[in-house]
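Observations on the three-dimensional arrangement
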Amino acid sequence: MNTELFAIIALFILGFGLISGRIEKSVITPPMAFVIFGILLSPPLLGLLNLDVEHEFVRIIAEFTLILVLFTDASRINLKLLRREYNLPVRLLGIGLPLTIILGTILAVLLLGGRL
């Protein structure tokens, strides 16, 4: 990764941090913003970021991102409310999660041509 690309990513993170308070009340979540930013940098659009899916750096960034997203989501759980209204999380985890995994795997195989 070259210095210019690193600076672009750092500026995006800084800029997102500056406006995150305003975005918090909208339908745009931080993961959505970062995915859109990643798509903009990808080869089909701006072509600034050209990483191989099997590259070690991609795996490390993906794992680190997943850790951060899961940790921040888990830290915001209201346990008293969860004990009272557990139906939605049970449905999401029992039905939504397996469906997301299956459909995500199918989409990944189609998009990546079986390079999983």
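Residues numbered from 1 in each chain as written. Predicted model: local features only at pLDDT ≥ 70, side-chain atom pairs only at ≥ 80, totals over all residues. Heavy atoms only, no water.

1. Some words on the packing of helix H1 (residues 3-23) against helix H2 (residues 30-41)
Worth spelling out the cut-off: Lines fitted to C-alpha atoms define the axes here, with helix axes fitted over just the stretch in contact, and angles between the N-to-C directions of these axes take values from 0 to 180 degrees. Strands are runs of DSSP state E lasting at least two residues, helices are runs of H or I lasting at least four, and both sets are numbered from the N terminus onward. Just so you know how the angles are binned, under 35 degrees is roughly parallel, over 145 roughly antiparallel, 65 to 115 roughly perpendicular, and the rest oblique. Handedness of each helix crossing follows the sense of rotation of the near helix against the far helix: counterclockwise by less than a right angle gives left-handed, clockwise gives right-handed. By the convention used here, residues are in contact when the closest approach between their heavy atoms is within 4.5 Å. Each residue gets one of three labels, nonpolar for Ala, Val, Leu, Ile, Met, Phe, Trp, Tyr, Cys and Pro, charged for Asp, Glu, Lys and Arg, and polar for the others, Gly among them.
It is the contact of H1 with H2, at a shortest axis distance of 12 Å, that shows an interaxial angle of 155°. Regarding the angle of H1 to H2, the classification is roughly antiparallel. H2 is crossed by H1, and the crossing has right-handed handedness. Side by side, H1 and H2 meet where Leu5, Ile8, Ile9, Phe12, Ile13 and Phe16 of the first sit next to Pro30, Ala33, Phe34, Phe37 and Leu41 of the second. Along the lines of polarity and charge, the residues of the contact of H1 with H2 split into 11 nonpolar, no polar and no charged.

2. Digging into the packing of aromatic side chains
Stated formally: Any two of the Phe, Tyr and Trp rings considered here, Trp counted by its six-membered ring, make a pair once their centres fall within 6.5 Å; the pair's planes then place it as stacked at under 30 degrees, edge-to-face at over 60, or tilted in between. Between buried and exposed lies partly exposed: a residue is buried under 20% and exposed over 50% of the maximum accessible area for its type, with that area taken using a 1.4 Å probe on protein chains only.
Per the stated rule, a full pass over the model turns up 4 aromatic pairs. Note on Phe12 and Phe34: the rings are 5.1 Å apart at their centroids and 90° apart in plane angle, and the pair reads as edge-to-face. Taken together, the residues span a long stretch of sequence, with Phe12 in helix H1 and Phe34 in helix H2 at a distance of 22 residues. On the numbers, 3.9 Å between centres and 5° between planes, the contact of Phe12 with Phe37 is stacked. Here Phe12 is found in helix H1, whereas its partner Phe37 is found in helix H2, with 25 residues between them in sequence. Since its relative accessible area comes to 22%, Phe12 is described here as partly exposed. One aromatic cluster is present, formed by Phe12, Phe16, Phe34 and Phe37 through successive ring pairs.

Remember, this is a structural readout, not a statement about activity or role.
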